[in-house]
Amino acid sequence: VQLQASGGGLVQPGGSLRLSCVPSERNARIISMGWYRQAPGKERELVTTITSVGTTKYSDSVKGRFTISRDKDKDTVYLQMNSLKPEDTAVYYCNAKEFDGFRLKTYWGQGTLVTVSS
């Protein structure tokens, strides 16, 4: 499975962006999708995930500002980011976890850069 992420860019503090992540193929074995981010000089960290049944999880740093959603018809995951702060600047990576009944496999997208700056 290849993941195509898009929607990054430059935005002013307080602004909004929406990221999208589309898998290269429909895959019923995908049990969750989500977003991670990596800021310069820092480790990659979890931002948010959504399971195949719609259960969501957010890091404390984005709760109340970011919203993850999934369009099952398009098999696309979105990340709506509002009230962006300079500390949200990072490369955002789409992630998908697939379970084939025996093992869990993880897939990563290529990353999309989000820069929050005035």
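This is a predicted model, so every value here is computed, not measured. (Residues numbered from 1 in each chain as written. Predicted model: local features only at pLDDT ≥ 70, side-chain atom pairs only at ≥ 80, totals over all residues. Heavy atoms only, no water.)

*Asks:* Please explain the pairing of strand 5 (residues 45–51) as it appears in this structure.
*Replies:* With six bridges connecting them, strand 4 (residues 30–38) and strand 5 associate as antiparallel partners. Counted as the bridge partner of Arg37 is Glu45 from strand 5. Between strand 4 and strand 5, which follow one another and run antiparallel, lie six residues, and Gly41 among them has a positive phi close to 75°. Relative to strand 6 (residues 56–58), strand 5 runs antiparallel, the two being bridged by three bridges. Paired with Thr49 across the two strands is Lys57, which belongs to strand 6. Between strand 5 and the antiparallel strand that follows it, strand 6, lie four residues; Gly54 among them carries a positive phi value of about 95°. (Pairing = 2+ DSSP bridges. Helix = DSSP H or I, 4+ residues; strand = E, 2+ residues; numbered from the N terminus.)

*Asks:* Would you mind showing me how to read the pairing of strand 1 (residues 3–6) here?
*Replies:* The side chains of a regular strand alternate, first on one face of the sheet and then on the other. What you see with strand 1 is a clean split: Leu3 and Ala5 sit on the buried side and Gln4 and Ser6 on the side with no burial. As defined by bridge partners, strand 1 adjoins strand 3 (residues 17–23) across four bridges and the pair is classed as antiparallel. Following the sheet pairing, Ser6 is matched in strand 3 by Ser20. (Buried < 20%, exposed > 50% of the residue type's maximum accessible area, 1.4 Å probe, protein only.)

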